Amino acid sequence: MSVEKSYMPNENRFHLSVAAAQTYEAQNVPAMFEPLAEQTLAAVSLPPAARVLDVACGTGIVARKLAERLDAASRIVGVDVNPAMIEVARSLSDVNGRKIEFVTASAEAMPFGDGEFDLVFCQQGLQFFPDRSAALGEIRRVMSAGGKLVVTCWAGVPPLFRIAAEALNRHLGPAAAEKALEPFVWNDAERIRGLIVEAGFHCPDPVRLEIERSLPATAEAIRAELLATPNEAALKIAGEEVIGWMAGEILSELAPYEQDGTLKIPQPAHLFQAVAI
């Protein structure tokens, strides 16, 4: 069961269609975001119950994993600027009869009261915020003093997206390549830590999580990866023939990562655990 609320988001530079969000959930979540969520939660000491906010929740994998771990007294809320992500998250929000609330809003202006949460997660969202300092300040505002903030950001450009960006540059141009790389190039751990500290947190150095992205070694799987991104519209304009060429090129260059019909591609992440001062 979900509680449905919507608020007008700020300008959304990473709009996805519902179809792309569904593909993201079907392919990207099990391939990458679920393993990342599992490793993150294994590294974090969770209380039995908490008021939890998942910022940039996407289709809700972190919120769902938390609902499996925290007791029924907990409140779990997910917020994302992308309405399509929230639509898919709401469709999956029943977890053992638990209520997960999903809200459409930007991280820079969330519709919550001061000190409303004592545990906040942001899995691979900080790099997308137009104003990261403002978003972290807003996160601090909705947290109680002594609350815990858990942030993951990628630790570098993984081979899959480096190769995909090269193909996008050849076929669609530099703007598409830049958009593909944008989630990964903002990866300076000290810079990220500094922004978290400036927002009102005590933040030790991060630990490194070694994520392995797994997906079938097929052109169709690569095609789905390409379309489950903000480049979806430009790719569809280019047409299926171009998408097919790109998928084949990318798959060929990923051959060193194939193991028995599956691509296993390293994709390391930084894990920050901070305390609200």
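Residues numbered from 1 in each chain as written. Predicted model: local features only at pLDDT ≥ 70, side-chain atom pairs only at ≥ 80, totals over all residues. Heavy atoms only, no water.

**Considerations on the overall build of the protein chain**
Formally: Numbering of helices and strands starts at the N terminus; helices are DSSP runs of H or I of at least 4 residues and strands are runs of E of at least 2. Atoms counted for the radius of gyration: C-alpha only. Globule rule: 2.2 Å times residue count to the power 0.38. Relative accessibility thresholds used throughout: buried, under 20% of the residue-type maximum; exposed, over 50%; partly exposed, between the two (1.4 Å probe, protein chains only). Using the Shrake-Rupley algorithm and a 1.4 Å probe, accessible areas are obtained, with residue cover drawn only from the displayed protein chains. Charge counting follows a simple rule: Lys and Arg are positive, Asp and Glu are negative, and His as well as the terminal groups are ignored. Lysine's charge is taken at NZ, arginine's at CZ, aspartate's at CG and glutamate's at CD.
Helix and strand counts for the protein chain stand at 10 helices and 12 strands. Relative to a compact globule of 277 residues, whose C-alpha radius of gyration would be 19 Å, the protein chain shows 18 Å and is just as compact. Along the three orthogonal principal directions, the C-alpha set of the protein chain runs to about 50 × 40 × 35 Å. Evaluated residue by residue, the protein chain yields a buried proportion of 52% over its 277 residues. With an accessible surface of roughly 11500 Å², the protein chain has 54% of that area assigned to carbon and sulfur atoms. A distance of 4 Å separates the average location of the 24 positive side-chain charges in the protein chain from that of its 36 negative side-chain charges.

**Brief notes about the environment of L119**
In plain terms, the rule: Contact between two residues is taken to exist if any of their heavy atoms lie within 4.5 Å; hydrogens are not considered.
Examined against the element boundaries, L119 turns out to sit in strand β5 (residues 117-123). Here the alpha-carbon distance between L119 and E249, two residues 130 residues apart in the chain, equals 43 Å. Dropping the residues within four chain positions of it, L119 is found in contact with L46, P47, A50, R51, V52, L53 and K148.

**Details of the packing of aromatic side chains**
The following threshold applies: Two rings from Phe, Tyr or Trp (for Trp, the six-membered ring) form a pair when their centres sit within 6.5 Å of each other. Planes less than 30 degrees apart are called stacked, planes more than 60 degrees apart edge-to-face, and all others tilted. Geometrically, a charge over a ring is one whose NZ (Lys) or CZ (Arg) sits within 6 Å of the ring centre while staying within 35 degrees of the ring normal.
Counted according to the given criterion, the structure contains five aromatic pairs. Centroid distance F33 to W154: 6.4 Å. Interplanar angle 45 degrees. Geometry classified as tilted. With F33 in helix α1 (residues 18-43) and W154 in strand β6 (residues 143-154), this residue pair connects regions lying 121 residues apart in the sequence. For the pair F33 and W154, a shared accessibility class is recorded, and that class is buried. An angle of 85 degrees between the planes, with centres 5.2 Å apart, marks the rings of F112 and F117 as edge-to-face. Across the pair, F117 and F112 agree in class, each one buried. One residue, R132, lies across the ring of W186, its end atom 4.1 Å from the ring centre.

**Describing unusual backbone geometry**
At A56, a position not held by glycine, the phi torsion is positive, near 60 degrees. Here A56 is to be found in the loop between β2 (51-55) and α2 (61-69). Phi is positive for D260, close to 55 degrees, though the residue is something other than glycine.

**Side note on the pattern of salt bridges**
Under the convention used in this document: The working definition used for a salt bridge is a side-chain nitrogen of Lys or Arg within 4 Å of a carboxyl oxygen of Asp or Glu.
Applying the stated criterion across every chain, the model contains 20 salt bridges. With its nearest N and O atoms 2.7 Å apart, the salt bridge here joins D114 to R141. Residue D114 is located in the loop between β4 (100-104) and β5, and its partner R141 is located in helix α4 (residues 132-141); the two are separated by 27 residues in the primary sequence. Note on R141: relative accessible area 27%, which makes it partly exposed. One salt-bridge network, in which partners are shared between bridges, spans E34, E38, K65, E68 and R69.

**Considerations on helix α6 (residues 174-185)**
Note the threshold: The reported arc concerns the directions from the helix axis to the C-beta atoms and nothing else.
Burial in α6 covers these residues: A176, A177, A180, P183 and F184. The arc that holds every buried residue of α6, seen down its axis, measures 130 degrees, which confines them to one face. Opposite the buried face of α6, by more than 90 degrees, sit the exposed residues P174, A175 and E178. Contacts made by the buried residues of α6 are with β6 and α5 (159-171).

**Focus on the nonpolar core**
Put simply, the rule reads: To qualify as a nonpolar core, a set must consist of buried Ala, Val, Leu, Ile, Met, Phe, Trp, Tyr and Cys residues joined through side-chain atoms within 4.5 Å.
Grouped together as the largest cluster of nonpolar side chains are 64 residues, with contacts concentrated most on V52, L66, F121, W154, I222, I250 and L254. At nine residues, the largest contribution of residues to this core is made by α1. Counting residues in hydrophobic clusters, the runner-up holds 33 residues, among them V77, V79, V142 and F201.

No statement about biological role is implied by the geometric values presented.
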